[in-house]
Amino acid sequence: MSAAAYEHNNAPVSREAFYAIACDPRRSVAVEACAGAGKTWMLVSRIVRALLDGCPAHEILAITFTKKAAGEMRARLHEWLAEFAQTPLADLALQLRIRGISEENIAQRTPDLRSALQNLQKTLLATGRPVQIRTFHSWFAALLRTAPMAVLQKMGLPTHYELLEDDTEAVAQVWLPFYAAVLADAGLQADYHAVVSAHGRAQTHKALAGALSRRVEFTLADEAGVVDASVQAWDVQFPTLAGHATPAAWLVSDAPRAQLLAAARALGQASAKTFSAKGGELEVAVSSADTAGICDALLTQKGEPRKFGEKIAGIDQVRLAQDLVLQYNAAHTQHEAWDYQQRLARLARVLVAQFASLKRTRGWVDMNDVERAAHTMLSDSVLSGWMQERLDARVRHLLIDEFQDTNPLQWQALHAWLSGYAGTGGGAQRPSVFIVGDPKQSIYRFRRAEPQVFRAAQDFVVHGLGGDRLSCDHTRRNAPGIIDAVNQTMAAAQAAGEYSDFRTHTTESTAPAAVLRLPQISRAVLEDA
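These remarks concern the structure in this document.

1. A word on unusual backbone geometry
In step 1: The backbone of N9 sits at a positive phi, close to 50°, despite the residue not being glycine.
In step 2: For N9, a relative accessible area of 35% puts it in the partly exposed group.
In step 3: Unlike most non-glycine residues, A289 shows phi in positive territory, near 55°.
In step 4: The partly exposed category is assigned to A289, whose relative accessible area is 43%.

Below is the structure:
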């Protein structure tokens, strides 16, 4: 097994230097670290050091993804402060050193850092204002409470609302008004029946529920014209076939029809009965504008050209006709995809609108609304300056745990705020930023988490804020058997192009381990369940 891997800005670095950089609250840092590397330990250590530097506790904002994780982070901070209060001064120097403060700095600092650490709990209790340790949603909800009434009205949100932390009940209630809206509109009825006929009721419901669960992203994409443009119309994808209402209309138009009839005559004159029979079938299909029959006469069930004898007189005409049918098939597939996408988009718009109407009627605001409002307030050209001033006065240190579970909208909201500091050279009002996570451990796809957001944030911290990139592939707790399984699995995924930037992991543990593999369940089985 290779040596322990610690990197600073892509260059090897000692363990001590790695943790010293990570724990320094004056730096902006993006840390990618494997399980057992001490990610939360680093984050809480930065909080301790920021408090020792004199930062008021309430100007430190630490964000994580669940109430449980926030509670555990809060408990760890309080446990440490209680332990420090009971630890002799002589022993506190070690606690400072492992958090990146050198012996020289410990000796030179006035007042004594050891005494400050010992009294930190008392100091914090005396202020009466704790460190802000929150979930993304609770922080965004706090921003929403400061939103001007005009913002709420612009977003269609009630001015007096009940915050829905779980929208399960609301989602269950929206289907009845949605189906009523579909029944009241002939066009929507046609859309719904067409989609159900092609894909089934269960798959249609699943697709619509998926759009509803990503309603913020859907709405933003729709407003930007991305939804309608995401699947090209068949005549745009195949411009040489344009000028007809559908691919089927093109196939039976004059020029293709003449070519198909020429192929039918050539096959009809073949000596082999199977070939001449296909010629007859093709002629009948062309005469009746039966596109399925045309395809069946010239292509196999797999959609491949039938193998007719090369000695048939006029075989070139047959080959040209087969090429036409292959073009038709490709255009027809594109047209079906476009038609499905357009119909489903129209239905999804109604579903999202009905959901918004239901929430307004009940006075509900859900977590998607909270995220969208935060994004609006932090990115709006007028509001963002006002919001930035308020945040400047409240947040000197921003720390985010488990960043791999951040969804794109959450990152866009953060980026809208932090990008105001990019290239400013670290002015007095700029907060230090600390993000830590491991893309391999992203588990919240059902909450719209996207591991690639972590990569974008890393780049922003380094290039936008002039910060540092740290990487750690060394764990203190996972047994060698576990690490071997991780290395084999991730190396195989990287070789297959399913993952990037994986580095071999190492461990300090010598504990025995067993790795058990659960049976694989196919996607088809899941969809049928």
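2. Things to note about the state of the cysteines
In step 1: Applying the stated criterion across every chain, the model contains zero disulfides.
In step 2: Here C23 is not cross-linked by a disulfide; its sulfur's nearest cysteine counterpart is in C472, at 12 Å.
In step 3: Classification of C472 as buried rests on a relative accessible area of 1%.

3. Quick notes on the pattern of salt bridges
In step 1: Applying the stated rule across the entire model yields 27 salt bridges.
In step 2: Between D112 and R114 there is a salt bridge whose closest N-O contact spans 3.1 Å.
In step 3: Classification of R114 as partly exposed rests on a relative accessible area of 27%.
In step 4: R349 is the salt-bridge partner of D228, the closest N and O atoms lying 3.0 Å from each other. Residue D228 is found in helix 14 (residues 226-229), and its partner R349 is found in helix 20 (residues 315-362); the two are separated by 121 residues along the sequence.
In step 5: When its relative accessible area of 27% is taken as the criterion, R349 is described as partly exposed.
In step 6: Within the structure, one salt-bridge network assembled from shared partners comprises D167, R215, K359, D366, D369 and R372.

4. Here's the deal with helix 23 (residues 408-418)
Structural remark: α-helix, 3.6 residues per turn; residues separated by three or four positions point the same way.
In step 1: Among all positions of helix 23, only L409, Q410, W411, A413, L414, W417 and L418 are buried.
In step 2: Its side-chain oxygen placed 3.0 Å from the backbone nitrogen of L409, N407 serves as the N-cap of helix 23.

5. Brief notes about the sheet that holds strand 8 (residues 397-400)
In step 1: Here we have eight strands laid out as an open sheet, ordered 2-1-10-3-9-8-4-5, and mixed in their pairing. Across the chains shown, the open sheet's two edge strands, defined by having one partner strand only, are strand 2 (11-12) and strand 5 (132-135).
In step 2: One ladder, built from two bridges, connects strand 1 (residues 6-8) with strand 2; its direction is antiparallel. From the neighbouring strand, E7 faces strand 2, where its bridge partner is P12.
In step 3: Most of the contacts of helix 2 (residues 39-52) go to strand 9 (residues 432-437), to which it runs at about 160°, and overall it touches strand 3 (29-33), strand 4 (60-64), strand 8 and strand 9.

6. Some remarks on the packing of helix 19 (residues 291-298) against helix 20
In step 1: The N-to-C vectors of helix 19 and helix 20 enclose an angle of 130°; their axes lie 10 Å apart at closest approach. When the axes of helix 19 and helix 20 are compared, the pair comes out oblique. Between helix 19 and helix 20 lies a crossing whose hand is left-handed. Facing helix 19, whose interface residues are T291, I294, C295 and L298, helix 20 presents V318, A321, Q322, V325, Y328 and N329.

7. What about the pairing of strand 4?
In step 1: Here strand 4 lies mainly inside the structure; five of its five residues are buried.
In step 2: Neither face of strand 4 is exposed, since I60, A62 and T64 on one face and L61 and I63 on the opposite face are all buried.

8. Focus: the side chain of K39
In step 1: Looking at the element boundaries, K39 is found in helix 2.
In step 2: Buried within the structure, K39 lacks any salt-bridge partner; its nearest side chain of opposite charge belongs to D438, at an N-O separation of 5.2 Å.
In step 3: A distance of 3.1 Å separates a polar atom in the side chain of K39 from the backbone oxygen of C34.
In step 4: Setting aside chain neighbours within four positions, we find K39 in contact with A33, C34, D401, E402, V436, G437 and Q441.

9. Section: the packing of aromatic side chains
In step 1: Applying the stated criterion to the full structure yields 18 aromatic pairs.
In step 2: An aromatic cluster is present here, built from Y6, F18, Y19, W41, W80 and F84 joined pairwise through their rings.
In step 3: Over the ring of W80 we find R99, and its NZ or CZ is 4.3 Å from the ring centre.

10. Here we look at the environment of R343
In step 1: Within the element layout of this structure, R343 appears in helix 20.
In step 2: According to the relative accessible area criterion, R343 is buried, its value standing at 19%.
In step 3: In sequence terms R343 and V195 are 148 residues apart; their C-alpha atoms lie 7.3 Å from each other.
In step 4: Ignoring any residue separated from it by four or fewer positions in sequence, one finds R343 in contact with A190, D191, A194 and V195.
In step 5: Within polar-contact distance, the side chain of R343 engages the side chain of D339 at 2.8 Å.

11. Considerations on the packing of helix 11 (residues 186-199) against helix 20
In step 1: Packing of helix 11 against helix 20 leaves a shortest axis separation of 9 Å and a crossing angle of 125°. With respect to each other, helix 11 and helix 20 are oriented oblique. Crossing handedness for the pair helix 11 and helix 20: left-handed. Taken together, the residues of helix 20 that come into contact with helix 11 (itself represented by L188, A190, D191, Y192, A194, V195 and H199) are Y340, R343, R346, L347 and V350.
In step 2: Across the contact of helix 11 with helix 20, the residue classes tally to eight nonpolar, one polar and three charged.

12. Points about the side chain of T204
In step 1: Looking at the secondary structure, you find T204 in helix 12 (residues 201-213).
In step 2: Contacts of T204, omitting those with residues within four sequence positions, involve Y192, V195 and V196.

Parameters at a glance
In this numbering scheme, every chain counts its residues from 1 along its sequence in written order. Thresholds applied to this predicted model are a pLDDT of at least 70 for local features of residues and 80 or more for the giving and counting of side-chain atom pairs; totals over whole chains, interfaces and linings are not thresholded and use all residues. The side-chain figures draw on all heavy atoms in the structure; neither hydrogens nor water molecules are used. Accessible area is worked out with a 1.4 Å probe on protein chains only. A residue is then buried under 20% of its type maximum, exposed over 50%, and partly exposed in between. Cysteine sulfur atoms are paired as a disulfide whenever they fall within 2.5 Å. Each salt bridge in this description consists of a side-chain nitrogen of Lys or Arg and a carboxyl oxygen of Asp or Glu lying within 4 Å of one another. Helix and strand assignments follow DSSP, with helices taken as H or I runs no shorter than four residues and strands as E runs no shorter than two, numbered in order from the N terminus. The definition of a polar contact used here is a pair of N or O atoms within 3.5 Å, where within protein one atom must be able to donate a hydrogen and the other to accept one, and adjacent residues in sequence count solely through side-chain atom pairs. In this scheme, strands are said to pair when DSSP sees at least two bridges between them. In what follows, a contact means two residues having at least one pair of non-hydrogen atoms within 4.5 Å. Between N-to-C directions, angles cover 0 to 180 degrees, with each direction set by a line fitted to C-alpha atoms, over the stretch in contact for helices. Roughly parallel means an angle under 35 degrees; roughly antiparallel means over 145; roughly perpendicular covers 65 to 115; every other angle is labelled oblique. With the far helix as reference, a near helix turned anticlockwise by less than a right angle produces a left-handed crossing, and one turned clockwise produces a right-handed crossing. Neither His nor the chain ends contribute to the count of charged residues, in which Lys and Arg are positive and Asp and Glu negative. Aromatic rings from Phe, Tyr and Trp, taking only the six-membered ring of Trp, are treated as a pair when their centres fall within 6.5 Å; an angle between ring planes under 30 degrees marks them as stacked, one over 60 as edge-to-face, and anything in between as tilted. Whether a charge lies above a ring is judged from NZ of Lys or CZ of Arg, which has to be within 6 Å of the ring centre and within 35 degrees of the ring normal. As a working rule, the residues Ala, Val, Leu, Ile, Met, Phe, Trp, Tyr, Cys and Pro are called nonpolar, Asp, Glu, Lys and Arg charged, and the rest polar, with Gly in that last group.

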